[in-house]
Amino acid sequence: MSKASAALIARLESKFAGVFALSASLGDDVIVTVDPSRWIEAAKWLSTEGGFGFLSNLSAVDWLTREPRFEIVYNLTNFSLPQRLMVKLPVDGNPPSCPSVTAIWPTANFHEREAFDMFGIVFDGHPNLERILMPDEWEGHPLRKDYAIGKVPIEFKHLSPGV
Amino acid sequence: MSESHKGGLLLGSFDKVVDWARRSSLWPATFGLACCAIEMMASGASRFDLSRFGMEVFRASPRQADLMIVAGRVSQKMAPVLRQIYDQMPEPKWVISMGACASCGGVFNNYALIQGVDQIVPVDIYVPGCPPRPEMLIDGIMKLHEKILAGEYRHRLAVSK
Amino acid sequence: MSDIVKDFEARAQGAFVEEWDDSDELMTINMGPQHPSTHGVLRLVLTLEGEIVREAKPVIGYLHTGMEKECEDNNWRQSVTIVTRMDYLAPFHNELVYSLGVEKLLGIDVPERGQVIRILMTELNRISSHLVWLATQGMDMGAISMMLYGFRERELLVDFFEMVTGLRMNHNYIIPGGVWQDLPDGWRTPVEDFISIFPRKIDEYETLLTNNPIWKQRTVGVGVITQEQALALGATGPILRATGLDWDIRKAFPYSGIERYEFDVPTATEGDVFARYKVRLDEMRQSLRIVSQVLDAIEDGPHRNMDPKITPPPRKELVSSMEAVIHHFKLVTQGYKVPAGETYVSIESPRGELGAHIVSDGGSNPYRMHMRDPSFVNLQSLPVMMKDTLVADTVAAIASVDPVMGGVDR
């Protein structure tokens, strides 16, 4: 791991002791899992003094058999160093919900709508949480692991799809 | 068609003249959806020139078009829009389904796509490919021209009554 | 004045409408999804007050293909064919970012020649994507001949892509491990021809457009976005560079050996349509510069990591080695497995930061394959660009954002 990455981890630990847990990471990546109760406070710090004022990506992962089932992944970029940070936030509940970061990084607007549409994760505080990719009246959340892919059988071939 | 000896009058059945006129200036409606739209634009550009068929005017308004080239994958959200555009086109109208996705769902077989645009609108010519080369699209258009010249439209009207 | 006139004036006072308050006369109109100038199936719901756009709401999803779910159903090698169809004007970039992510998870290297070929194809793809942008921007603004010029030059590049990969678009060429097959004999000739004629062509476009008073009136001061707004909304690529910040992933997080080549990152300061136009034209010149350096830098060697666990062995080995046959069989029927892990990689696509967040659970299919598409995020800057501008300028603004709906909707 490079000096810059080690320095970042040390800084996170000193500022928010016990909030960020280092996950296994590849090469130079810094991947941390955050404590949900202190995420917003940490996010505000990261976006201002932490230097990570740019949210590159926000995606969701459905770990069907794990508890908690869902996880939101934030990919933050520090332009000045430059450096990247991946923060993972476990999400649970029924429906799964977590706070929205649109007030901190406005670019999260479309990303959170997509996570809501595809996974059913509700973002508290989002200005306009409605479906973005599927039709408005669609039922179900397609990227969940228990949602079938919806293959249509191939006619006249007497084959089931996927063969 | 027959020609008289002097004077040079061209006589022929009126139907055939109408068919020839229809096929000689088919105006497509802009319905480029995805990657096939780029190849459709390329076939309208200078190398594969659709203008030699009188088709370089892609009409924005479906009411002024008589050909709909569905170029690209049709999603669940787009399907009602596609049908509405098709309904707005005045008769006679034809549909070319360009590309594998429009013809049968293509590479994708999942919840999000209509498996073939013929689930929604009647299709006259299917052009396979992912994406089809502009030459393939032009071949499909020329086959449509042959269909029109053979009186396809009158046949369709007769059958549907 | 006579009494009749005064009497008339007194009675007429209330009859004339003096001040008509029309500030609440807002009209909502729908633009798209079938529209000649929305660059694909983008729908905009515009709230107009007269000719001024008060609010613009992009509605997307008309090209949603379920590609991320589809990738979970196909193995790691097959997913390249799906990923390449996302941003269909820059297919090499999609394949590259996906392959970089998978290689990171696999922990393998790409040989030198493979890396150089990747840069060659992606930089030429950048030029062809910007040519389509220039063609459509010109056509949308009425410079219809620009459409023909843009596609004419693009045909030269597309011919080269066909020579190398077999396809004009959606190539399935850059795969985890390297590139699918080596460059064919005689590949230098089309590239050298292109390098010799293209600079003159860019100068031609500049002569046609850059000092053209009509073009300038339609683009200068139109679709303005400030640097703070762009950063907050996550806009990257030419949109961000046209506001003055020289942020380019090729310089910040170099990939595939691009740090070896000398090139500049063009910027502008005004943040309007004209600035983005200048930035993209200069980017085409810089990409051409990289391609010329590639011609000198390329050396012989393997184009793919020939590790038999990932790459099928060359066909001539199948005759002599049983092991090769077994590897080939397993790779073709089941595909390789990628160790469990998760990563995010990003590259600079013609539209901005193209990223891939790939999660593996140790199986032969991706567990989660999410692409951070630049157009999806850049579309959020449209409402800001269009606020309180004239409705006739919306077309110029949309064209300058250069959205590709395949990437937006995936």
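Residues numbered from 1 in each chain as written. Chains lettered and ligands numbered in written order. Predicted model: local features only at pLDDT ≥ 70, side-chain atom pairs only at ≥ 80, totals over all residues.

Caption draft 1: Structural context of the overall build of chain A. Counting secondary structure elements, chain A contains three helices and seven strands. When the helices and strands of chain A are placed in sequence order, the string is α-β-β-α-β-β-β-β-α-β. Each principal axis of the C-alpha distribution contributes one length, and for chain A these read about 65 × 35 × 30 Å. Each of the 163 residues in chain A was classed as buried or not, and the buried ones make up 39%. (Helix = DSSP H or I, 4+ residues; strand = E, 2+ residues; numbered from the N terminus. Buried ≥ 20, exposed ≤ 12 C-beta atoms within 10 Å, placed from the backbone.)

Caption draft 2: Region of interest: the sheet that holds strand β3 (residues 28–29) of chain B. All names here are of chain B. Spatial ordering of the open sheet is given by β3-β4-β5-β6, a layout of four strands whose pairing is parallel. Pairing within the sheet leaves two strands with one partner each, and these edge strands are β3 and β6 (125–127). Relative to strand β5 (residues 94–98), strand β4 (residues 67–71) is paired through five bridges, and the arrangement is parallel. Across the sheet, the residue bridging to V70 is S97, located in β5. Against the sheet, helix α2 (residues 35–44) touches β4 and β5, its axis set at about 130° to β4. (Pairing = 2+ DSSP bridges. Contact = placed C-beta atoms within 7 Å. Axes fitted to C-alpha atoms, helices over the stretch in contact; angles between N-to-C directions.)

Caption draft 3: Structural context of the interface of chain C and chain A. Every contact between the two is made by 30 residues of chain C and, on the other side, 26 residues of chain A. Of all the secondary-structure elements, those providing two or more residues to the side of chain C that touches chain A are α2 (67–73), α9 (227–233), β6 (341–349), β7 (352–360), β8 (368–372) and α15 (374–378) of chain C. For the side of chain C that touches chain A, the class distribution of residues is eleven nonpolar, eleven polar and eight charged. (Nonpolar A, V, L, I, M, F, W, Y, C, P; charged D, E, K, R; others polar.)

Caption draft 4: Focus on the interface of chain B and chain C. Facing 28 residues of chain B, the contacting portion of chain C comprises 27 residues. Every element with two or more residues in the side of chain B that touches chain C is listed here: α2 and α3 (79–88) of chain B. Among the elements that make up the side of chain B that touches chain C, the one with the highest residue count is α2 of chain B (five residues). Split by residue class, the side of chain B that touches chain C holds 19 nonpolar, four polar and five charged.

Caption draft 5: Structural detail: the packing of helix α1 (residues 14–24) of chain B against helix α5 (residues 134–149) of chain B. Residue and element names in this part refer to chain B. The N-to-C vectors of α1 and α5 enclose an angle of 160°; their axes lie 8 Å apart at closest approach. Classed by the angle they form, the pair α1 and α5 counts as roughly antiparallel. Considering how the two elements wind past one another, α1 and α5 form a crossing that is right-handed. On the side of α1, the interface is formed by D19, W20, R22 and R23, while α5 contributes H145, I148 and L149. Here the contact of α1 with α5 is composed, by residue class, of three nonpolar, one polar and three charged. (Parallel < 35°, antiparallel > 145°, perpendicular 65-115°, else oblique. Left-handed = near helix turned anticlockwise from the far one by under 90°.)

Caption draft 6: Inspection of helix α7 (residues 188–209) of chain C at higher detail. Relative to the 32 Å expected for 22 residues at 1.5 Å per residue, α7 of chain C spans 32 Å between its end C-alpha atoms, a close match to the ideal helical length. On its buried side, α7 of chain C packs onto α5 (112–140), α6 (144–165), α8 (213–219) and α12 (273–297) of chain C. (Expected span 1.5 Å × (residues − 1).)

Caption draft 7: Structural detail: the nonpolar core. With 194 residues, the main nonpolar core has M68, V70, A71, I96 and M98 of chain B as its most contacted residues. Examining the composition of this core, we find that twelve residues originate from one element, α5 of chain C, more than from any other. Shared between two domains, this core takes at least three residues from each, and those domains are domain 1 (3–58) and domain 2 (64–409) of chain C. (Core = buried A, V, L, I, M, F, W, Y, C linked by C-beta atoms within 7 Å. Domains from an automatic or database assignment.)

Caption draft 8: Seen up close, unusual backbone geometry. Here the amide bond leading from N94 of chain A into P95 of chain A is cis, since omega sits at 5°, within 30 degrees of zero. Counting through the fold element by element, P95 of chain A comes out in the loop between β5 (83–91) and β6 (97–99). Cis rather than trans, the peptide bond between E91 of chain B and P92 of chain B has omega equal to -10°. Of note in this structure, S256 of chain C is not a glycine but carries a positive phi near 55°. Structurally, the position occupied by S256 of chain C is in the loop between α11 (249–252) and α12. S256 of chain C sits in the buried class, given 20 other C-beta atoms within 10 Å. Even without glycine at this site, R410 of chain C takes up a positive phi of about 45°. Of note, R410 of chain C is situated in the segment after α18 (405–409).

Caption draft 9: Layout of the sheet that holds β6 of chain C. Residues and elements named next belong to chain C. Pairing in this open sheet of three strands is antiparallel, and the strands run β6-β7-β8 from one edge to the other. The sheet is open, and its two edges are formed by β6 and β8, each paired on a single side. Direction aside, neighbouring strands of the sheet carry axes that sit 15° apart on average. Across five bridges, the pairing between β7 and β8 is antiparallel. Within β8, the residue paired with V359 across the bridge is R368. Helix α4 (residues 91–106) contacts β6 and β7 of the sheet and is inclined by roughly 150° relative to β6.

Caption draft 10: How the structure looks around the pairing of strand β2 (residues 43–49) of chain C. Residues and elements named next belong to chain C. Note that strand β1 (residues 27–31) and β2 share five bridges and pair antiparallel. Opposite T28, over in β2, you have T47 as the bridge partner. Inspection of the sheet shows β2 paired to strand β3 (residues 52–59) by seven bridges, in the antiparallel sense. Note on β3: the bridge partner recorded for R43 is V59. Here β2 hands over to β3 after two residues, with G50 in that stretch at a positive phi of 70°.

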